[in-house]
Amino acid sequence: MPGVDHCLQEAMTIPGAVGASIVDYTTGFPVATTGAAPNEDHEAAAAGTAEVVQAANSRSLFVSAIPHDLLEDLIITTAGGYHLLRVVQTEFDSRLVLYVWLDRIRGNLAVARRKMQRLADDLVAAR
């Protein structure tokens, strides 16, 4: 898949980035990974990412009443970091998620969200 390696390289330039991956959230399969993963396990992190996105997409609490208002991103905050999940919106199936783990002290959520949005858009344009 063209663009995946470049996307992850760019994700790791986000200030505070510890690790990044692209995950197929329908299967929990890590399409590509780089850097560190929570508990040093990229496969478990990918499976967890998939579960979180599936839960948010399937619960009426998180589904907007506005027609065609799709899930864009999720942020999970821990004492030591931020876990950002950005759905890669495509015309056909939108089953990929860009996941970035940020160190809480060095990371900046606003900067990270903006860059992840651009990276997800660029990834779609490269496909």
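Note that the structure is predicted; figures quoted are calculated from it, not measured.

Draft legend 1. Main features of the nonpolar core. Counting residues in each nonpolar core, the largest one holds 21 residues, and the members touching the most others are Ile 22, Leu 98, Val 100 and Leu 102. Elements represented by at least two residues in this core include exactly helix H1 (4-11), strand S1 (17-24), strand S4 (81-88), strand S5 (96-103) and helix H3 (109-126). By residue number, the principal contributor to this core is H3, which donates five residues. Sequence-distant contacts of Leu 102, defined by excluding residues within four places in its chain, comprise Ile 14, Pro 15, Gly 16, Ala 17, Val 18, Gly 80, Gly 81, Tyr 82, Leu 84, Gly 107, Asn 108 and Ala 112.

Draft legend 2. Main features of the side chain of Asp 24. Counting through the fold element by element, Asp 24 comes out in strand S1. One polar contact links Asp 24 to Arg 95, side chain to side chain, over a distance of 2.4 Å. In contact with Asp 24, not counting residues within four places along its chain, are Phe 29, Val 31, Ala 50, Arg 95 and Leu 96.

Draft legend 3. Broad picture of the pairing of strand S3 (residues 73-77). The pairing of S3 with S4 spans five bridges and is classified as antiparallel. Residue Ile 75 lies in a different strand from S4, and its bridge partner there is Leu 84. Linkage of S3 to S4, two consecutive antiparallel strands, is achieved through a turn of three residues.

Rules behind the numbers
- Residues numbered from 1 in each chain as written.
- Predicted model: local features only at pLDDT ≥ 70, side-chain atom pairs only at ≥ 80, totals over all residues.
- Heavy atoms only, no water.
- Core = buried A, V, L, I, M, F, W, Y, C linked by side-chain atoms within 4.5 Å.
- Buried < 20%, exposed > 50% of the residue type's maximum accessible area, 1.4 Å probe, protein only.
- Helix = DSSP H or I, 4+ residues; strand = E, 2+ residues; numbered from the N terminus.
- Contact = heavy atoms within 4.5 Å.
- Polar contact = N/O pair within 3.5 Å; in protein donor to acceptor, adjacent residues only side chain to side chain.
- Pairing = 2+ DSSP bridges.

Read these as layout, nothing more, since geometry by itself doesn't imply function.
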